[in-house]
Structures are given as structure tokens and as C-alpha cells.
Amino acid sequence: MTKRRRNILKRIGAAVLCAAFVLPAAIPVGASVRAAGIQNLSARSESLAQGTANLARIQISVGDGQETPVFRAGEKAQLNISVKNSGNINARNVRIAPVIQNEADWPFELNKLNYELGLGTLEAGKQTDALWGVDNDMLTVKSDVSGKAYKLTFRIDYDDGENAYETEKYVFVKTTAKEKPAEEQPSGGNPSDPGASSGSGNPGQSASGGQVSDGTGADAALTAGGFYTGEPVVSGGASGSNGSVPRVIVTGFSTEPGEVRAGGDFKLVVHLKNTSSRTGVSNMLFDFQAPSSGTEAAAEAPAFLPSSGSSSIYLDSIPAGGTRDIAIDLNARADLVQKPYSISMSMKYEDGNATQYEAQSSLAIPVRQEARFEFSKIQIAPDTVAVGEEANISCSLYNLGRVKMYNVKARFEGAMIDSQEQFIGNLDAGATGTIDSIATAKQATEGGEDCKLILTYEDDAGNVSTSEQKFTMTVLEETAPADMEMLYEDMPEEGGLPVGMIVAVIVIAAAGITGGAILIKRRKKKLREAEEEELFDEVERLTEDEH
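Now for a description of the structure that goes with this document. Every value quoted in this text rests on a predicted model; they were computed, and no experiment measured them.

Cut-offs used in this document
Residues numbered from 1 in each chain as written. Predicted model: local features only at pLDDT ≥ 70, side-chain atom pairs only at ≥ 80, totals over all residues. Heavy atoms only, no water. Pairing = 2+ DSSP bridges. Helix = DSSP H or I, 4+ residues; strand = E, 2+ residues; numbered from the N terminus. Axes fitted to C-alpha atoms, helices over the stretch in contact; angles between N-to-C directions. Phe/Tyr/Trp six-rings, centres within 6.5 Å; stacked < 30°, edge-to-face > 60°. Buried < 20%, exposed > 50% of the residue type's maximum accessible area, 1.4 Å probe, protein only. Contact = heavy atoms within 4.5 Å.

It is worth spelling out the sheet that holds strand β15 (residues 248-256) at this point. A sheet is described by the order of its strands in space; here four strands give the open sequence β15-β17-β23-β21, paired in antiparallel fashion. Two strands in the sheet have a free side with no partner beyond their single neighbour: β15 and β21 (304-306). Pairwise comparison of adjacent strand axes, ignoring direction, gives a mean angle of 40° for this sheet. Relative to strand β17 (residues 265-274), β15 runs antiparallel, the two sharing eight bridges. The residue bridging T255 from the neighbouring strand is L268, located in β17.

Structure follows, in C-alpha cells:
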């Protein structure tokens, strides 16, 4: 390599090194800000896509639209439970089986080891029937059923092709006891006397107007907020001389407050009626018993406990055709899952001839769980922006409650910012959601001013709730290009660096950028001249060699 070529390469290296130091200073700082904004918008799009994906769900329900079945003691029967997928994607490999933890909770004889049924694929919006007791494999109703309502719980397993799921649902069925021999019944019975009653009650309102049935309980409907009254049984004393069986039924109930919340106290008011038009009743004793409810992690305990410590209530009398109310103060356990819970009420009373009677009623009381959640510290990047610039605002949402939050949405509001609403989707109990949004500053502030994070969500009944979280944000005046004189006039005279020094730094930086550009241009020109000179010498050398 000739000396001239080595000089040329050295000059090219110097030019490249100069460009590496000078050119980055000329790149607008706004480019990095725009790149960060694009990255944040991309993350936001991914978050929105994830929230939309959460809308795909499978929602299994049982017994929709079915009447409450009635099973008679000792008879052969079939149990038919409708299973519906009210979600928007298919449920695959659906299997259903009764959950029998205690033999006394199952009204049929246990003749098989396994009662699980396979239902195959259940399409979105479709329903099918789960049938027990087919052909020669009929179910046998226990001979000792006493006419009470049974709560039957079923475990349902299914998958969506990727993930497996398990849920538990329940229904109520009714039973009727064996008829007693004629000699055990009071003589001269009045066939016009009403029998068991049923109806539905809306918590917070009096649930009145219970239907009157033929004594089989076929018209009872123990649903959310409903009630059921069984047939009275003679338990002792002398037989009534007039042959009338005085029946005391539940015509409705109400709660104070109207909405029972887990962990709270409430008063249960039960409305009673003596349906007999000729026989009054007296010496009445009522006892309330809530079923046990618990998880594997905690010992089972009743869902409702009396606030006063006693579950019994005494009532002196109800005249023929009369009505009375009884009330008891209860407490709902704090860890109850949001659903209706049944509570049974036993009744003992006498007629005017000291004939003793016993009867059983059931009430279903819906319990609601409060949604509990918290926000993490709200992060703003950058922490200070100018009018027209964008800031990324983000935080985490923790669902600390025992209920699922549906259709969660978040938006940031403030007089100085513009922001779009973000859809987060459904948030399970114990899960964490991410709120990440881009806000554009539109108005300058005098220091930090308050903004709001507004969160909206729905419960499983579709009721919308709203929560707010305040945070502080600072927005500066918009910065626009100006000549050096205007820049000099806007600079403060007191505090910070001297004005002259700031101006000198700006002038030096501008001169450095200009000088760098000129230096690069000169070096390019010299390099081009050197290349032309070298090419000319090469041509001359070739010409001389030819001669």
C-alpha cells in the first residue's frame, strides 16, 4: 500500500469519527419520545386484545326453566336435570355427577358406586338433559323421607379444547312422606282444608300470597328468595273432635336490610298464616337451622348464626284464619360465596284439644359478597410533560374480594389531560389486572393538580359499580421555537445558572453542530480531490507503460 493511499484511509477514518460525535447532537430529541409513545401504544393494543379475549367464556347452569320435581317415599323415579351452556364458546367433554357428602342429603337409595354421566360437547347457547334412572336402572326414593326439600349439588367438569374447568351447581327437589294409616289421622278430616304452601319472596319486600296446594307440595318453588312449607304431622295429644287439621304456613318473608351481605347482621321477618277457618293454634315453638357451609381449608359451620345466641322463637297463638309475624336477628358468615342459602324452620304447635302438630318450612336467602379491590401506586412517565406531549399512566388492580369482577373498564380524567377508556375484561377473585394508558396534555397547570382514575365494573347480576382513585399530575406550558433574543428575555435573572452562561452554552452547541457539518463537507471535498488525483496518476502510468 502506497503512502498516498494510507493518508486517504486516515482521512476517511477521521471523517467517520467526527460524524459519529456530531450527527447525534443534530437528531431531534422528539424522535425518542415518539418511539416511546409508539411502544406504549403497542402495549396498549396488546392489553385491549387480551381484554377482548377474556370475553370468550363457558357458563354452565342447571335446572333453568324446570319445575321443582316431587318424589314420593318408596317409589321408583327418574331424576332429570337440564344442563345449559349460556356462554359464547362450546364446552367439550362435559361430565356431571352428584356430590354426596352425607347420605342423609340424598333422597334416593344408594344402589350404585358411581352416578357420573357424560354429556359430550355442549354447544354455546344450547342445553341438554342429564337423566338418572333409565330403563331397568330406576332410582328408588327412600322410604323414610319426611316431606322436606332436598338441596342436590352437582359437580360439572368440562374443557374448551385447551384448559379444563370444574364448577358446582345445585337444585332443589321435594319429597312427600308415606301416607299414614287412616286410624292415625284425625277423624272427620275436612277435605277443603288447605295443605302445604309455597311462593317466592323478594328480599327487602314482603313475600306474600303463597300458593295453596293439595298437600303434596307440588306447587312449591324453593328458589332464590323463595320458601316452602311441608305438611303438618300429628305428633301427640288427643285427636281433635272437629276433625279439622290446622295448618300453619309461611306466606312470605322479608329481610332488614333488604340486601343480605356476607359478614353483616340482618333481621329475618317470617309471615305466618293459620289456614284453618275453624281451629286456632297456640303454644307455638319455631326453631331456625341453617345448613353447614365451608371449605376444605376451614371447618364447616352454619351459614347463618343467631345474633342473640338463640335460634328458637316462641309465639303464644294464631287464631283461626289469622296471620302473625315472627322475627329473628341473624349474622351471615363473612366467607360465604355469593349465592342463595337455605334455612329450615321447624314448627310445633297445638290446637284447642291439645293435639300436637309438627311441620317443616324452608326459606332461601340470597347472600351478596362485597367486591374488594386496591390500586397500586400510579406511575406517570415522564413525571412532567408540556402541553401537546404524551405521558404513559399505569398501575395494577388487585381483586382482594371473593367475587369475580366483570367487564372492568378504566379511564383517566382531568382538566389538563385527554385519555381514552381502557377495557380490562373480567377479573377473577385474587387476580391482578393491569391499567396502562396514554394521556395527552392539553392545559398547563400551576404546580401539581388532581386527576382521577375512574374504574367501572359489573357483578354477576349485571349491576354496575364505580370507584375513583385520585393522583397528581404537572403539565408545563408548550415550548415553541424562538430566536435568541426571545429566549434571552424569557430566561430568569435570579436563581440557577447565570443567563450569560446558558446563552454561551447554546451558542457553543449551535456552533459545534455547524462547524461539524462544515468539517465533514471539507473532508469529503479533499477526499474526492485525492481520489481524482490518484486516478489521474494511475492513467498516466498506464499510458507511459504502453509507450
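Now, onward.
Time to look at the packing of aromatic side chains. Inspection of every chain in the model, using the stated rule, returns 12 aromatic pairs. Seen in terms of ring centroids, Y170 and F172 are 5.8 Å apart; in terms of plane orientation they differ by 85°. Their pairing is edge-to-face. Geometrically, the ring pair formed by F373 and Y457 is edge-to-face, given 5.4 Å between the ring centres and 80° between the ring planes. Placement of F373 in strand β26 (residues 373-375) and of Y457 in strand β34 (residues 449-458) is noted, with a sequence separation of 84 residues between them. Here a set of aromatic residues connected by ring pairs shows up, and it is made of F71, W106, F108 and Y115.

A separate point is the sheet that holds strand β28 (residues 384-386). In spatial order, the strands read β28-β35-β34-β30-β32; together these five strands make up an open sheet with mixed pairing. Each having just a single partner strand, β28 and β32 (422-427) make up the two edges of the open sheet. When strand polarity is set aside, the average angle formed by the axes of neighbouring strands in this sheet is 35°. Here three bridges tie β28 to strand β35 (residues 464-476), and the two strands are oriented parallel to one another. Note that in β35 the partner of T384 across the bridge is T474.

All right, on to the environment of K348 then. Its place among the elements puts K348 in strand β24 (residues 339-350). By relative accessible area, which is 44% here, K348 ends up partly exposed. Taking the C-alpha atoms as reference points, K348 and N283, separated by 65 residues in sequence, lie 8.0 Å from one another. If we ignore the near neighbours within four places in the chain, the residues touching K348 are N283, M284, L285, Y357 and E358.

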